[in-house]
Amino acid sequence: MNKVKILLIDDNVRFINNVCRYLNIVAPNYEVFTTGTGDDGLRILEKEKPDLVLCDLFMLDVDGDEVVEKAKVISPRTKRIIITAYTDEKTEERLKKIGIDDIIYKPIEDIETLVSRIKEVIG
Amino acid sequence: MGFLYFPYSGLVNAVAALAVGIFVLSKNFKSSLNRSYAIFAVSVTIWAFNYFIWLMSKEYTQALFFIRATMIGAILIPAAFLYFVTKFVETKRAWVHILNIVLIAIFVSFSYSPIYIQRVEHRLFFPFWPVPGWLFHFMLAYFVLELVYAHGILWNAWRHEDGAKKEQIKYVLFGIMTGFIGGCTNYFLWYNIPFPPYLNILVSGFVVFVAYAIVKHQLMNIEVLIKRSLIFASLFTVIFGVFVSITVLTQLLIAGGRLLGLAISSIIIIFTVRPLEDFLIRITDKYLFQKKYDPLQLLKTFSDTVLSSVLDQTAIIKTAVDLLIKALGLENFAIFLINKDGDKYEVAGSSGIDTAISFSGNSYLISYLNKTTSLIGRKKYESPELMQDMDMIKAELCIPLVFHKNLVGFLAFGKRKSGNDYTNEDIDVLVPLTRDIAIAVVYARLYEDVRQKDKLATLGTLVAGIKHEIGNPLSGILTSTQLFMKEMEGWDALGVSQKDRETRFRKTLEDVLEESRKISRITKKFTDFARPGDEGIKEKVDIADSIKNTLEILENELTLKHIKIEQKITSDAPSIFVDKDQIHQILFNLLRNAAQAIEMSHKSKEESRISIAVEKQVEGKVAIYISDTGCGIPEEKKIKIFEPFFTTKQKGKGTGLGLAIVRQLVGKNRGDISFTSKEGEGTTFTIVFPVANNE
């Protein structure tokens, strides 16, 4: 059985590492890739063509909306989830135009919710 | 020689009466009041001028002719005066005037007959004094009755009028009493009482009082723009008099002394002109202009002050109170404004009034002001309830503050220290002034409201920053703990050793501790930025520290907008003596504006830059430069950027107060702010503060 590939992009390294390890426990059939930068994320996307990308909206190098927009071209089959503390109207509009599968707001109080949202999107 | 006093008193009376009569008529020929005064003045002139000729007469027939002509004037005077009085106090007595015309006709038609004046004969030192016929006694009775009647009308009007009119009536009354007391001394000799008309000159007293009432109280609505012209006319008269008398005297004393006389009078004139001029200016200022104030100056001072402090209601009110008390010489004064709930009018600023007094919307005073939106004087309106309200605030005059038909408040003017009442002239000045106050107050309140909204917007930025900054460590804590708990569930099944368990436990605690410390630092950073309640306390502030602190607060926003910060702050940057929170607010607003300007310009990341520099200047000043590479300010908008409510941002993005507040705060801390900007290239704001003293 093929592993489900998941890519986590967030500059909060502790957060994605924790989520990654958590997923390894509760969902052993997931193969989780993590990175702290958008550029790196795009490279992994191209190489791995993951089933799902979970990307932070505001990052130092490339913004999340740019990553998901490019992901659409690089790997059209990849589902896209944006994770953010807040959005403004302009970004929300942009995200709607790009088309994403879900948006999750930080801070995530219960990892289980995150896990179930991921599972839901992957289907 | 002393005898000459009597004829010349008549001449002076005639000239004075005629001069004022012509002056009054020339001011408003069409006014029936002015005309009635002129008729009276002409009557006095007829009487006084013939009086002069009669007393100067050298022969019997001439004297008899002119004393009879004199008495024609005397017949006309009381009726003419009564006519003037009825016009003056605006009352109609048609039947009295008709009766007077009939009486005048009778007396005048007999004035050249012996039943009126029998003959003239020698009395005291007068060679030709008249002997009355029987009709004369009736004339005198008519004369006295008319005068008593006219006085009665004036007295009655004086009691019921107020303000300027009351003052005017007072002077007319004084004047006519003086004039007739003087005139009456003419009649003792008619009845063989040996008292010559010593006080005849007092007839001119009437003219003096009327002239004074014209200048001071706009009697007959005459506005006299004198000062200079009056002073020089008087000066000229005095000098001319001196010149003439000295020339005449020296001619009399020194035979052939015309030249010497000229020389002496010239010397006197040369040495007396300046002091005389000063003296005349002084007395005119003292007695005629003493209590006057320059209404234009008052309005100008007020609007200047209001414009410079237009955003601060307290300052506006204080300015208005100080200015009005000083200009009008008020014993007490108060400005009442509607409160925030809109149900009560409370004292906003006052002097000599209990500040705890307030009026509800249904009090008599407020209802009246609301209904009429016009001012209330003291005696015109007799409602005792209204007067009671006025008494409570010791008000002589209340003027409403109206803005768009809403009663914003009112001004309560107390008694004036001079004892003068409020004149129409005062009210003409005060009404536009109150309009200014009303607009300024409404504007200041609006500003205060929007400023609250702006504070909320700033708070929004801060909260977003806090949320994001705390969000990261919080996510770390939340996920670390949950991960640890999830791992624990599997420990037994996996047979994890005690030592590994402890290591794992310790590691999680360390992570949580580290993230918690981050949160603690963030909260400290934000509380350092603004300490509520410390407003206005000035201290020595390190500029570099303040900039660092503000940048930390904005770090989140700057990062998200990919804006680089360049700092050129030398280590020896001086400290400034300011309110620290206000400096933070100034820097915060300017830096946030810079960031927003860059965002609006859609520049590339490489070009998105804010530079901050601090530079010591000469003369104990230090300048802070904040430059951005943003969109810049279009030329036509440059003059407006510090104005409140002006914004270039999208609708709903800015309140338009940021820079207005910055300018206000910079001013409060004795600083200056300026800027240079080029559209499309960026803007540099420069704020300059005095360096803190070293002690």
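Residues numbered from 1 in each chain as written. Chains lettered and ligands numbered in written order. Predicted model: local features only at pLDDT ≥ 70, side-chain atom pairs only at ≥ 80, totals over all residues.

Caption draft 1: Inspection of the overall build of chain A at higher detail. When helices and strands are tallied, chain A shows five helices and five strands. Traced from its N-terminal end to its C-terminal end, chain A shows the element sequence β-α-β-α-β-α-β-α-β-α. Expressed as a percentage of its 123 residues, the buried residues of chain A come to 41%. For chain A, restricting intrachain contacts to residue pairs at least 6 apart in sequence, the fraction spanning at least 24 positions comes to 62%. (Helix = DSSP H or I, 4+ residues; strand = E, 2+ residues; numbered from the N terminus. Buried ≥ 20, exposed ≤ 12 C-beta atoms within 10 Å, placed from the backbone. Contact = placed C-beta atoms within 7 Å.)

Caption draft 2: Examining the overall build of chain B more closely. Secondary structure summary: chain B contains 18 helices and 14 strands in total. Looking at chain B as a whole, 34% of its 695 residues qualify as buried. In chain B, the proportion of contacts linking residues at least 24 apart, taken out of those at least 6 apart, comes to 65%.

Caption draft 3: Representation of the nonpolar core within the structure. All names here are of chain B. By size, the foremost hydrophobic cluster in this structure holds 61 residues, and its most contacted members are Ala48, Phe81 and Val210. With 16 residues, helix α3 (residues 60-88) is the single largest residue contributor to this core. Excluding residues that lie within four positions of it along the chain, Ala48 makes contacts with Gly10, Asn13, Ala14, Ala17 and Val203. With 45 residues, the next largest nonpolar core counts Phe302, Leu330, Leu430 and Ala438 among its residues. (Core = buried A, V, L, I, M, F, W, Y, C linked by C-beta atoms within 7 Å.)

Caption draft 4: Inspection of the environment of Arg80(A) at higher detail. Residue and element names in this part refer to chain A. Within the secondary structure, Arg80 sits in strand β4 (residues 79-84). For the pair Arg80 and Leu7, spaced 73 residues apart in sequence, the C-alpha to C-alpha distance is 9.8 Å. Beyond its immediate chain neighbours, meaning those up to four positions away, Arg80 contacts Val53, Val68, Ala71, Ile100 and Asp101.

Caption draft 5: View of helix α18 (residues 658-668) of chain B. All names here are of chain B. In terms of residue burial, α18 counts as a mostly covered element, since eight of its 11 residues are buried. Of the residues making up α18, those classed as buried are Gly658, Leu659, Ala660, Ile661, Val662, Arg663, Leu665 and Val666. Packing partners of the buried residues in α18 comprise α14 (424-494), α17 (580-601), β13 (672-678) and β14 (682-690). Note on α18: the residue one or two positions beyond its end, Arg670, has a positive phi of about 60 degrees.

Caption draft 6: Layout of the interface of chain B and chain A. With 19 residues of chain B at the contact, the number on the chain A side is 18 residues. Listing elements by their share of the side of chain B that touches chain A, those giving two or more residues are α14 and α16 (543-560) of chain B. Tallying contributions element by element places α14(B) first for the side of chain B that touches chain A, with 16 residues. Broken down by class, the residue content of the side of chain B that touches chain A amounts to five nonpolar, 10 polar and four charged. (Nonpolar A, V, L, I, M, F, W, Y, C, P; charged D, E, K, R; others polar.)

Caption draft 7: Fine view of unusual backbone geometry. Cis rather than trans, the peptide bond between Lys106(A) and Pro107(A) has omega equal to -10 degrees. Tracing the chain through its elements places Pro107(A) in the loop between β5 (102-105) and α5 (111-122). For His602(B), which is not a glycine, the phi torsion comes out positive at approximately 50 degrees.

Caption draft 8: How the structure looks around the pairing of strand β2 (residues 126-132) of chain B. Residues and elements named next belong to chain B. Both strand β1 (residues 117-123) and β2 contribute to a ladder of five bridges, which runs antiparallel. Within β2, the residue paired with Val120 across the bridge is Pro130. Between β1 and β2, which pair antiparallel and follow one another directly, the connecting turn spans two residues, one of which, Leu124, has a positive phi of 45 degrees. (Pairing = 2+ DSSP bridges.)

Caption draft 9: Local environment of the environment of Val26(A). With respect to the secondary-structure elements, Val26(A) resides in helix α1 (residues 13-26). Separated by 86 residues in sequence, Val26(A) and Glu112(A) place their C-alpha atoms 9.2 Å apart. Apart from the residues within four sequence positions on either side, Val26(A) is in contact with Val115(A) and Lys486(B).

Caption draft 10: Structural view of the pairing of strand β11 (residues 609-617) of chain B. All names here are of chain B. Here strand β9 (residues 564-569) runs beside β11; their pairing, made up of six bridges, is parallel. When the sheet's bridge partners are listed, Glu566 is paired in β11 with Ser611. Two elements, β11 and strand β12 (residues 621-628), share eight bridges in a ladder whose sense is antiparallel. Bridge pairing in β12 places Ile612 opposite Ile626.

Caption draft 11: Up close: the sheet that holds β13(B). All names here are of chain B. In spatial order, the strands read β9-β11-β12-β14-β13; together these five strands make up an open sheet with mixed pairing. Pairing within the sheet leaves two strands with one partner each, and these edge strands are β9 and β13. Averaged over neighbouring strand pairs, the angle between their axes works out to 15 degrees when direction is ignored. (Axes fitted to C-alpha atoms, helices over the stretch in contact; angles between N-to-C directions.)

Caption draft 12: Spotlight on helix α1 (residues 5-27) of chain B. Under the 1.5 Å per step criterion, the end-to-end length of α1(B) is 33 Å for 23 residues, consistent within 8% with the ideal 33 Å. Among all positions of α1(B), only Phe6(B), Ser9(B), Gly10(B), Asn13(B), Ala14(B), Ala16(B), Ala17(B), Val20(B), Gly21(B) and Val24(B) are buried. (Expected span 1.5 Å × (residues − 1).)

Caption draft 13: Structural detail: the sheet that holds strand β3 (residues 52-56) of chain A. All names here are of chain A. Ordered by their spatial adjacency, five strands build an open sheet running β2-β1-β3-β4-β5, and the pairing between neighbours is parallel. Among the strands making up the open sheet, the edge pair consists of β2 (30-35) and β5. Going across the sheet, the axis of each strand differs from the next one's by a mean of 20 degrees, ignoring polarity. Strand contacts of α1: β1 (4-9) and β2, with the helix running at about 175 degrees to β2, the strand carrying the most contacts. Along the sheet, helix α2 (residues 38-48) contacts β1, β2 and β3; its crossing angle with β1, the most-contacted strand, is approximately 165 degrees.

Caption draft 14: Summary view of the packing of α17(B) against α18(B). Residue and element names in this part refer to chain B. Contact geometry of α17 with α18 gives a least axis separation of 9 Å together with a crossing angle of 145 degrees. Seen from above, α17 lies across α18 with left-handed handedness. Here Gln582, Gln585, Ile586, Asn589, Leu590 and Asn593 of α17 come into contact with α18, specifically with Gly658, Ile661, Val662, Leu665, Val666 and Lys668. Taken together, the residues that form the contact of α17 with α18 break down as six nonpolar, five polar and one charged. (Left-handed = near helix turned anticlockwise from the far one by under 90°.)

Caption draft 15: A look at the packing of α16(B) against α17(B). Residues and elements named next belong to chain B. The contact between α16 and α17 brings their axes to 9 Å, and the two run at 40 degrees. Between α16 and α17, the interaxial angle falls into the category oblique. Here the hand of the crossing between α16 and α17 comes out right-handed. Between α16 and α17, the contacting residues are Ser546, Ile547, Asn549, Thr550, Ile553, Leu554, Glu557 and Leu558 on the first element and Lys580, Ile583, His584, Leu587, Phe588, Leu591, Arg592 and Ala595 on the second. Across the contact of α16 with α17, the residue classes tally to nine nonpolar, four polar and three charged. (Parallel < 35°, antiparallel > 145°, perpendicular 65-115°, else oblique.)

Caption draft 16: Molecular detail of the confidence of the model for chain B. Per-residue confidence for chain B averages 81 on the pLDDT scale, and 84% of its residues sit at or above 70. We note a pTM of 0.48 for the whole complex and an ipTM of 0.92 for its interfaces. (pLDDT = per-residue confidence, 0-100.)

Caption draft 17: Geometry of the environment of Gly630(B). Residue and element names in this part refer to chain B. Tracing the backbone shows Gly630 in the loop between β12 and α18. When the C-alpha positions of Gly630 and Lys678 are compared, they lie 9.5 Å apart, and in sequence the two are 48 residues distant. Apart from the residues within four sequence positions on either side, Gly630 is in contact with Ala594, Ala597, Ile598, Met600, Ser601, Gly682 and Thr683.

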